[in-house]
Amino acid sequence: MYLYHFGIRELPFTLTPNTSYYFGLPSHKEAIEVLSTALRCGEGFIKVTGEVGAGKTLICRKLLNELPDGFVSAYIPNPYLSPAELRRAVAAELKVALPEGSDQQEFTQLIQQRLVEIHKQHKNAVLIIDEAQALPDESIEALRLMTNLETESQKLLQVVLFGQPELDVKLKQPKLRQLLQRITFSYKLKLMDADQLYQYVRHRMAVAGYRVEGLFDEACCQLLHKASGGTPRIVNVLCHKSLMLAYGEGVQKITLHHVKTAIDDTEAAISIRKNSLWGWLPTSLFIAASVLILVLTNISSNFNLLDLGWIK
């Protein structure tokens, strides 16, 4: 596509969470610090929430990649599971063999035996669930019961929940209040401000191999921020389209025109004209209407001058 044109090795703005592109936004760093502290404490539930596209899965994968040797992890990326399916998924991640036809009690006993084995190895088991807002209420209760497994001094299983803000709403239901009380650490991801976005775009281009400054200048990044609200995923979409447009024109610099065109082509972007009186008009019609108003205003002014006798 445009790799050779810009002299880069790979596409810098893909939507797949790639930890090699981790930038370390202040909000992301704080989330990692909260997670590290909570895991060291060794008990309870940990919750990280954020808007769609804020970088939860990226942090989740970074956490999995950087867990110390003293942890055994179980990862559930798609938790829309019944209680029985959830137990089987956790068991599979912990390498527990479950006989066919096992009932809930056998499930629990086998998982508990495995967790005790991990504890005897002086290790900690941690269950990490992405998209946790998709957990059915019954499965959340099954998850809580699973974490009842403990020694006299500590829990045998810690749980980290990554989810959208809907997870907070779900957990505030009266019937889930027991789990809510067990959340000892929580963090809400923040979106990027304009300066962070500028640094973020530069960082991703540099990781991809770009060695020239100023491809996306500050004006372009300000516009990207207005249209994305600081959401990394939308920024990635807009930057990718802007690069495609510049490549199509054979130019080496991203302009405001490229960014505006990318915004107009992206449904998730915030329209930069939506608060305008003429926001409902397409760009070309808006320009044409503005020119027509200017011409009519000049004509009107000339008529007034003629009426006053100043122009003969």
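These notes cover the structure that comes with them. (Residues numbered from 1 in each chain as written. Predicted model: local features only at pLDDT ≥ 70, side-chain atom pairs only at ≥ 80, totals over all residues. Heavy atoms only, no water.)

Digging into the overall build of the protein
Here is step 1 of the chain: The helix and strand tally for the protein stands at 13 helices and five strands.
Here is step 2 of the chain: A buried classification covers 43% of the 312 residues belonging to the protein.
Here is step 3 of the chain: The contacts of the protein with a sequence gap of at least 6 include a subset with a gap of at least 24, amounting to 73%.
Here is step 4 of the chain: Just so you have it, the protein exposes about 16,900 Å², and 55% of that area is on carbon and sulfur atoms. (Helix = DSSP H or I, 4+ residues; strand = E, 2+ residues; numbered from the N terminus. Buried < 20%, exposed > 50% of the residue type's maximum accessible area, 1.4 Å probe, protein only. Contact = heavy atoms within 4.5 Å. Areas by Shrake-Rupley, 256 points an atom, 1.4 Å probe, with all protein chains shown as cover.)

Some details on the pattern of salt bridges
Here is step 1 of the chain: One pass over the full model with this rule turns up 10 salt bridges.
Here is step 2 of the chain: The partner of Lys-47 in a salt bridge is Asp-168, with the nearest N and O atoms 2.6 Å apart. Of this pair, Lys-47 sits in strand β1 (residues 45-49) while Asp-168 sits in helix α7 (residues 166-171), placing them 121 residues apart in sequence.
Here is step 3 of the chain: Note that Lys-241 is salt-bridged to Asp-265, the shortest N-O span being 3.0 Å. One end of the pair, Lys-241, is in helix α11 (residues 232-249); the other, Asp-265, is in the loop between α12 (256-264) and α13 (283-307), with 24 residues separating them in the sequence.
Here is step 4 of the chain: Taken together, the shared-partner salt bridges connect Asp-137, Lys-170 and Lys-175 into one network. (Salt bridge = Lys/Arg side-chain N within 4 Å of Asp/Glu carboxyl O.)

Some words on the packing of aromatic side chains
Here is step 1 of the chain: If you walk through the whole model with that rule in mind, you get three aromatic pairs.
Here is step 2 of the chain: Ring geometry for Tyr-2 and Phe-6: centres 6.0 Å apart, planes at 75°, overall edge-to-face. Each member of the pair, Tyr-2 as well as Phe-6, is classed as buried.
Here is step 3 of the chain: Centroid distance Phe-23 to Tyr-200: 6.4 Å. Interplanar angle 70°. Geometry classified as edge-to-face. Of this pair, Phe-23 sits in the loop between α1 (3-6) and α2 (26-41) while Tyr-200 sits in helix α9 (residues 194-207); the two residues are 177 residues apart in sequence, bridging distant segments of the chain. (Phe/Tyr/Trp six-rings, centres within 6.5 Å; stacked < 30°, edge-to-face > 60°.)

Topic: α2
Here is step 1 of the chain: Taking 1.5 Å per residue as the helical rise, α2 with its 16 residues ought to reach 22 Å, and the 23 Å between its terminal C-alpha atoms agrees with that figure.
Here is step 2 of the chain: Positioned one or two residues after α2, Gly-42 has a phi angle of 80°, which is positive. (Expected span 1.5 Å × (residues − 1).)

Some remarks on the packing of helix α4 (residues 83-93) against helix α5 (residues 104-120)
Here is step 1 of the chain: Taken N-terminus to C-terminus, the directions of α4 and α5 make an angle of 25°; their axes are 11 Å apart at the nearest point. In terms of orientation, α4 lies roughly parallel with respect to α5. α4 and α5 meet at a crossing whose hand is left-handed. Touching Ala-84, Arg-87, Arg-88 and Ala-91 of α4 are Gln-104, Phe-107 and Ile-111, all from α5. (Axes fitted to C-alpha atoms, helices over the stretch in contact; angles between N-to-C directions. Parallel < 35°, antiparallel > 145°, perpendicular 65-115°, else oblique. Left-handed = near helix turned anticlockwise from the far one by under 90°.)

Quick notes on the packing of helix α10 (residues 218-228) against α11
Here is step 1 of the chain: Where α10 contacts α11, the axes come no closer than 9 Å and their chain directions differ by 130°. One element, α10, and the other, α11, form an angle in the oblique class. Judged by the sense of rotation from one axis to the other, the crossing of α10 with α11 is right-handed. Judged by residue contacts, Leu-224, Ala-227 and Ser-228 of α10 engage Ile-234, Val-235, Leu-238 and Cys-239 from α11.

Looking at the environment of Ile-263
Here is step 1 of the chain: Along the chain, the position of Ile-263 falls in helix α12.
Here is step 2 of the chain: We classify Ile-263 as buried; its relative accessible area is 4%.
Here is step 3 of the chain: C-alpha separation for the pair Ile-263 and Ser-242, spaced 21 residues apart in sequence, amounts to 9.0 Å.

Brief notes about the sheet that holds strand β4 (residues 157-163)
Here is step 1 of the chain: The parallel open sheet is built from five strands, whose spatial order is β2-β3-β4-β1-β5. One side of each edge strand has no neighbouring strand; the edge strands of this open sheet are β2 (71-76) and β5 (183-188). Each strand of the sheet is rotated relative to its neighbour by a mean of 15°, with strand direction disregarded.
Here is step 2 of the chain: Strand direction decides the pairing type here: β1 and β5, joined by five bridges, are parallel. From the neighbouring strand, Thr-49 faces β5, where its bridge partner is Lys-188.
Here is step 3 of the chain: The sheet strands contacting helix α3 (residues 56-66) are β1, β2, β3 (124-129) and β4, and the helix crosses β4 at an angle near 155°.
Here is step 4 of the chain: The strands touched by helix α6 (residues 137-146) within the sheet are β1, β3 and β4, with β4 carrying the most contacts at an inclination of about 150°. (Pairing = 2+ DSSP bridges.)

Digging into the side chain of Arg-144
Here is step 1 of the chain: Assignment of secondary structure puts Arg-144 in helix α6.
Here is step 2 of the chain: In this structure Arg-144 touches Phe-45, Gln-178, Leu-179 and Arg-182, once residues within four positions along its chain are discounted.

Some words on the environment of Ile-254
Here is step 1 of the chain: If you trace the backbone, Ile-254 turns up in the loop between α11 and α12.
Here is step 2 of the chain: Residues Ile-254 and Gly-214, spaced 40 residues apart in sequence, show a C-alpha to C-alpha distance of 8.7 Å.
Here is step 3 of the chain: Those residues in contact with Ile-254 that lie beyond four places of it in its chain are Leu-215, Phe-216, Cys-220, Ser-242, Leu-243, Ala-246 and Val-259.

Topic: the pairing of β3
Here is step 1 of the chain: Within β3, five of the six residues are buried, which leaves it mostly tucked inside the rest of the structure.
Here is step 2 of the chain: Sheet topology note: the β3/β4 ladder contains five bridges and is parallel. Its bridge partner being in β4, Val-126 is matched across the sheet by Gln-158.

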